[in-house]
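So the chains spell out like this:
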Amino acid sequence: MSSENPMESSYTFTHAIVRIPGTNFAEGLTSVDFGIPDYPTVRLQHSAYIAALKTACGLQVTVLPADDSYPDGTFVEDTAIVTPHFAVMTRPGAASRAGEVSAMEDTIRAHFQTVYSITEPGTLDGGDICDAGDTFFIGISHRTNEEGAHQLASILESNGYRAVMVDIRGMKNILHLKSGIAYIGDQRLVMWQDFAEMACFNDYEKIITLPEENYAANCIRINEHILIPADYDHLADQLETRGYSLIPLVMEEFQKMDGGLSCLSLRFFKEP
Ligand code: CIR
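All values derive from a computational prediction rather than experimental measurement.

> What is the right way to look at the sheet that holds strand 10 (residues 188-191) in this model?
Whenever strands of a sheet pair, they do so through backbone hydrogen bonds, lying parallel or antiparallel. Across the sheet, three strands lie side by side as 9-10-11; this open sheet has mixed pairing. Both outer strands of the open sheet, strand 9 (181-183) and strand 11 (205-208), are each paired with one neighbouring strand and no more. Neighbour-to-neighbour, the strand axes of this sheet turn through a mean angle of 25 degrees, independent of strand direction. Relative to strand 11, strand 10 runs parallel, the two sharing four bridges. Opposite methionine 191, over in strand 11, you have isoleucine 208 as the bridge partner. On top of the sheet, helix 5 (residues 233-241) reaches strand 10 and strand 11; it is set at about 150 degrees to strand 11, its chief contact.

Structural data, given as structure tokens:
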């Protein structure tokens, strides 16, 4: 397994970091009205997620303890951008989530020698960053501002990556860029119809979700598998037809808080 092929580095992973949801998980931010999460069920769904990372995907998983200071803290993806060679600590756009970054920093520094940071007045959530090999798509959203996006772009470009901005501020019902697109390797992107006409995605095969399956666009390729929310059959068929091995996971409790599969982990490659 190698991290050096840039197209594979987006999904070739050895490690992941997760955080157990806190008992006040239901007090986090949400824009949807799907009911209040049931904490025991949250924990069961989170345990199944960790088991999929460990057992099916073969990752070494660092499980951080619950931290009731941050009800959204289980959505660790938003706190850092991780590449095979460096990490970037973010600066989340929601005030209630600002402290999550320092709570994550020691763990990131234990794994990465080179750690950059997004600084004021930049804001940036990891959920807005889609790693597609040698290209990173950077969503400019209601969480990630232009300053934060430009700071990340210059860090990426100085390390040999291409950075492409995708402005989603005018789109409805989308929190982060990766709520609506996922890179699954093989020059393929899963995406909402809303993204299909954007020229920046022309070089990719586009796998379009049905509007009623848009939640499932937040799927994650990990090594030989794709984790996908359970019960999104149209997308599952499209992926299976292309030969992917799927791991369906029930995500309903996280969906109630605007969370998807990618949000629940930081995934990266380290030489053994
Ligand atoms: C929030 O609104 O920040 C959390 N309730 C959900 C964050 C989801 N994170 C992600 O998509 N990367």
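Moving on from the model shown.
> I would appreciate a short explanation of the sheet that holds strand 4 (residues 87-89) in the present structure.
Reading across the sheet, the three strands line up as 3-4-5 and stay open at both edges, with mixed pairing between neighbours. Single-partner strands in this sheet number two, and they are strand 3 (80-82) and strand 5 (115-117). Recorded for the sheet is a direction-independent mean angle of 20 degrees between the axes of neighbouring strands. Note that strand 4 and strand 5 share three bridges and pair parallel. When the sheet's bridge partners are listed, methionine 89 is paired in strand 5 with serine 117. The sheet strands contacting helix 2 (residues 100-111) are strand 3, strand 4 and strand 5, and the helix crosses strand 4 at an angle near 160 degrees.

> Explain the nonpolar core to me, please; I cannot follow it from the model alone.
Burial of nonpolar side chains together is a common tendency in soluble globular proteins. Counting residues in hydrophobic clusters, the biggest one holds 59 residues, and the most contacted among them are Tyr49, Leu53, Phe137, Val190, Phe195, Leu227 and Leu239. Discounting chain neighbours no more than four positions away, the residues touching leucine 227 are Tyr49, Leu53, Cys57, Cys219, Ile220, Ile222, Ile247, Leu249 and Leu261. Core analysis: the second largest hydrophobic core is formed by 16 residues, Ile118, Ile140, Ala153 and Ile155 among them.

> I tried to follow the packing of aromatic side chains on my own but got confused; where do I start?
Geometry of an aromatic ring pair is reported as the spacing of the ring centres plus the angle between the planes. Taken as a whole and judged by the stated rule, the model has 13 aromatic pairs. Taking the centre distance of 5.5 Å and the plane angle of 70 degrees together, the rings of phenylalanine 25 and phenylalanine 254 count as edge-to-face. Placement of phenylalanine 25 in the loop between strand 1 (15-19) and helix 1 (39-56) and of phenylalanine 254 in helix 6 (residues 252-255) is noted, with a sequence separation of 229 residues between them. Each ring, one from tyrosine 215 and one from tyrosine 232, has its centre 6.0 Å from the other, and the planes form 45 degrees; the classification is tilted. A residue pair is termed long-range when its members are at least 10 positions apart, and tyrosine 215 in the loop between strand 11 and strand 12 (220-222) and tyrosine 232 in the loop between strand 13 (225-229) and helix 5 qualify at 17 residues. Under the relative-accessibility criterion, tyrosine 215 is labelled buried at 17%. Judged by relative accessible area, which is 15%, tyrosine 232 ranks as buried. Grouping aromatic residues by their ring pairs yields a cluster made of Phe137, Tyr183, Trp192, Phe195, Phe201 and Tyr204. Over the face of the ring belonging to tyrosine 11 we find arginine 221, whose NZ or CZ atom lies 3.7 Å from the ring centre.

> Which parts of the structure should I look at to understand empty space enclosed by the protein?
Over the atoms rolls a probe the size of a water molecule, and in doing so it shows where empty space is left. Enumeration according to the criterion identifies two cavities of 30 Å³ or more in this entry. By volume, the largest cavity is sized at about 360 Å³. Taken together, 28 residues form the lining of the largest cavity, with Glu77, Ile129, Asp131, Lys178 and Arg267 sitting closest to its centre. Going through the elements one at a time, strand 3, strand 6 (129-132), strand 9, strand 12 and strand 15 (266-268) are the ones with two or more residues in the lining of the largest cavity. The residue makeup of the lining of the largest cavity, split by class, is 16 nonpolar, seven polar and five charged. The volume enclosed by the second largest cavity comes to roughly 80 Å³. Arg19, Ile20, Gly22, Asp67, Tyr70, Gly73, Thr74, Val76, Thr79, Glu100, Ala103 and Met104 are the residues that line the second largest cavity. For the lining of the second largest cavity, the element with the highest residue contribution is helix 2, accounting for three residues. Across the lining of the second largest cavity, the residue classes tally to five nonpolar, four polar and three charged.

Reading the values: rules and limits
Here the residue index of a chain counts from 1 through its sequence in written order. Restriction of local features to residues with pLDDT of at least 70 applies here, the model being predicted, together with a cutoff of 80 or more for giving and counting side-chain atom pairs; totals for whole chains, interfaces and linings are based on all residues. Only hydrogens and water are set aside; all other atoms, that is, all heavy atoms of the structure, feed into the side-chain values. Should DSSP find at least two bridges between two strands, the strands are regarded as paired. Under the DSSP-based scheme used, a helix requires at least four consecutive residues in state H or I and a strand at least two consecutive residues in state E, with every element numbered from the N terminus. Helix axes are fitted to C-alpha atoms over the stretch in contact, other axes to C-alpha atoms as well, and angles between N-to-C directions run from 0 to 180 degrees. Here, residues are in contact when the closest pair of their heavy atoms is within 4.5 Å. What we call a nonpolar core is a set of buried Ala, Val, Leu, Ile, Met, Phe, Trp, Tyr and Cys residues that are connected through their side-chain atoms within 4.5 Å. The buried label applies to any residue whose accessible area, calculated with a 1.4 Å probe on protein chains only, is under 20% of its type's maximum; exposed applies above 50%, and partly exposed to all values in between. What counts as a ring pair is set by centres within 6.5 Å for rings of Phe, Tyr and Trp (its six-membered ring), and what kind of pair is set by the plane angle: stacked under 30 degrees, edge-to-face over 60, tilted for all other angles. We call a charge positioned over a ring when the NZ of a Lys or the CZ of an Arg lies within 6 Å of the ring centre and within 35 degrees of the ring normal. Every definition here rests on a 1 Å grid over the protein atoms only: cavities are sets of points where a 1.4 Å probe fits but cannot get out, pockets are open sets enclosed by protein on both sides within 12 Å along at least five of seven lines, and lining residues have some atom within 4 Å of a point. Grid points are joined across faces, edges and corners, and a volume is the space filled by probe spheres set on the points. Three classes are used: nonpolar for Ala, Val, Leu, Ile, Met, Phe, Trp, Tyr, Cys and Pro, charged for Asp, Glu, Lys and Arg, and polar for all others, with Gly counted as polar.

It is worth stressing that arrangement in space is one thing and function is another; only the former is reported here.
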